[in-house]
Amino acid sequence: MDISSELKKIIATNEELKKEQFRDLSPYIITQKELSKEDIPKRKFVLGEWMPEDSFGMVYANRGVGKSWFCMAMAVAIANGDPTFLGWEIHEKRSVLYVDGEMAKVEIKERFDNLADHYLDNLFILSSEMLYRDGKPICLDDVNEQLAIDNVLEKLEQEKSRPQILILDNLSTLRRGVNENDNNEAQQLLDWLVSLRHKQYTVIIVHHSGKSGQQRGASIIEVPMDFVIKLDPPKENDKDIYDGAVFNFSFEKIRLKTPKPSTGKLSLSNNQEGKLKLLSSTTDKLPDRKFQILKHLKKNENETKMSIRKIAEKFNIAIGTVAADRMSLLKEKLITKKYEVTNEGDVILYEIWPNEFKEPLELDLEPPF
């Protein structure tokens, strides 16, 4: 046997394999000049200026603190098109897909019924109970299951009901047969979650805290995230102040502009209509709602008949609350009695939303924060 010829064959075979495996990345390389000249649309935001449409984040907490309540209340507020959620502006009404991994169907129904003021046909729910009954619970690490969710998203889009926000509640119950502490085993799941972000979805995973107090499991999960929100139980003496659930929130990671507020105490309480509302002690002290009303008045300044009732209907709040906000705006000379925004009001709007309003001729007023 000619050893040299055999070696040549092996080398040639290896070279061919290298060519087959080689991926040419040069077409993806661009210069900064080329990038600068690209007409890339500005990012659109779901909440404030910290949650873009194309984003990936996490809400985590210890068992029983309130992470599902937090995300369900957020889902209802966004699907309803409320003006704000905990002080963060909701830029427009969006559809939401809520994927549950552990709750009984009746519990999901009761929670959403208590949170929503009316029926929401743009809040979609994938119930784990129905899947378990068929013996086919979701496993997010399974490529076929990922494709199944991709298919659901595509079908909803074809039906003109594309959900902008995908909430996965929670990561532990939606995975199985894997070591959740293993970064390598988490990589395939992470690649899929990031791919959803690149498809312009807002992906939020709900997760548990570990013994260390940080998010449980593989640390690699957090690496590509745009935001991470941690919920903590309150101090013992805080529990007696509120009727319902109470917990603290804080941002542990944020890629974009730091949210205002970025920390605070949250309480789940019944309003006058008997509906559950998630309230923030931080925003209760801030006059953010009246500035949202001021913004609404400016955006609709050509409307001939503005009234307290119309504003109350727009913001889904009581007439008495609007009357109090109107009086506050009048006292600060930000509007006139005819609901016209004054020059001082224009200054405030520019200070808060510089990307949405033109700079007034004179900036001689500090915003009353």
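Residues numbered from 1 in each chain as written. Predicted model: local features only at pLDDT ≥ 70, side-chain atom pairs only at ≥ 80, totals over all residues. Heavy atoms only, no water.

## Observations concerning the pattern of salt bridges
Applicable threshold: Throughout this description, the term salt bridge denotes a Lys or Arg side-chain nitrogen within 4 Å of a carboxyl oxygen of Asp or Glu. Elements are defined by DSSP. Helices are runs of H or I of four residues or more, strands are runs of E of two residues or more, and each kind is numbered from the N terminus. In this scheme, a residue with accessible area under 20% of its type's maximum is buried, one over 50% is exposed, and one in between is partly exposed, where area comes from a 1.4 Å probe on protein chains only.
The tally for this structure, following the rule as stated, stands at 18 salt bridges. With a closest N to O distance of 2.4 Å, K295 and E89 form a salt bridge. Here K295 is found in helix α9 (residues 288–299), whereas its partner E89 is found in strand β5 (residues 88–89), with 206 residues between them in sequence. Exposure class is identical for K295 and E89. Each is buried.

## What to know about the sheet that holds strand β13 (residues 276–280)
Selection criterion: The rule for pairing is simple: two strands pair if DSSP sees at least two bridges between them. A fitted line through C-alpha atoms serves as each axis, taken over the contacting stretch for helices, and the angle formed by two N-to-C directions is quoted from 0 to 180°.
Strand order in the open sheet formed by 9 strands is β7-β6-β8-β9-β3-β10-β11-β12-β13, with mixed pairing between adjacent strands. The open sheet has two free edges, formed respectively by β7 (123–126) and β13, since each of these has just one partner strand. With strand direction ignored, the average angle separating the axes of adjacent strands in the sheet is 20°.

## Side note on the side chain of Q292
Basically, it comes down to this: Here, two residues are considered to be in contact whenever any of their heavy atoms come within 4.5 Å of each other.
As for its position among the elements, Q292 is in helix α9. Q292 has contacts with P83, T84, E89, F315 and W353, leaving out every residue within four places of it along the chain.

## Overview of the pairing of strand β10 (residues 227–232)
In terms of burial, β10 is largely enclosed, as 5 of its 6 residues are buried. Relative to β10, strand β3 (residues 55–61) is paired through 4 bridges, and the arrangement is parallel. Bridge pairing in β10 places M58 opposite V228. In the sheet, β10 pairs with strand β11 (residues 246–254) via 6 bridges, with the strands oriented antiparallel. Bridge pairing in β11 places K230 opposite S250.

## With respect to the packing of helix α6 (residues 143–158) against helix α7 (residues 183–198)
The line we're drawing: Roughly parallel means an angle under 35 degrees; roughly antiparallel, over 145; roughly perpendicular, 65 to 115; everything else is oblique. What makes a crossing left-handed is the near helix being turned counterclockwise from the far one by less than a right angle; a clockwise turn instead makes it right-handed. Ten residues, namely Ala, Val, Leu, Ile, Met, Phe, Trp, Tyr, Cys and Pro, are considered nonpolar, four, namely Asp, Glu, Lys and Arg, are considered charged, and the remaining ones, Gly among them, are considered polar.
Taken N-terminus to C-terminus, the directions of α6 and α7 make an angle of 15°; their axes are 11 Å apart at the nearest point. With respect to their mutual orientation, α6 and α7 come out roughly parallel. Our pair here, α6 against α7, has a crossing hand that is right-handed. Of the residues in α7, those touching α6 at V143, Q146, I149, D150 and L153 are Q188, L189, W192 and L196. A breakdown of the residues in the contact of α6 with α7 according to their chemical character gives 6 nonpolar, 2 polar and 1 charged.

## A short note on the confidence of the model for the protein
This is how it is decided: pLDDT: the predictor's confidence for each residue, scored from 0 to 100.
Mean pLDDT over the protein works out to 85, with 86% of the residues at or above the 70 mark. Here residues 239–243 is modelled with pLDDT under 50, and outside its nearest four sequence neighbours on either side it reaches 5 contacts, counting other chains as well.

## Re helix α11 (residues 319–331)
To keep things clear, this is the line we draw: Helix span, expected: 1.5 Å multiplied by one less than the number of residues in the helix. By construction, the arc corresponds to the directions joining the helix axis to the C-beta atoms.
Here α11 spans 18 Å end to end across 13 residues, near enough to the 18 Å set by a 1.5 Å rise per residue. For α11, the set of buried residues is V322, D325, L329 and L330. Projected onto a plane normal to the axis of α11, the buried residues spread over an arc of 140° and lie on a single side. Of the residues flanking the end of α11, it is K333, one or two places downstream, whose phi is positive at about 60°.

## Focus: the side chain of S209
Note on placement: S209 falls in the loop between β9 (202–208) and β10. For S209, a relative accessible area of 10% gives the class buried. If we ignore the near neighbours within four places in the chain, the residues touching S209 are Y60, A61, N62, Q214, Q215 and R216.

## Quick look at unusual backbone geometry
Here the residue pair D169 and N170 is connected by a cis peptide bond, since its omega of 0° sits within 30 degrees of zero. Backbone geometry places Q200, a non-glycine residue, at a positive phi of 75°. Examined against the element boundaries, Q200 turns out to sit in the loop between α7 and β9.

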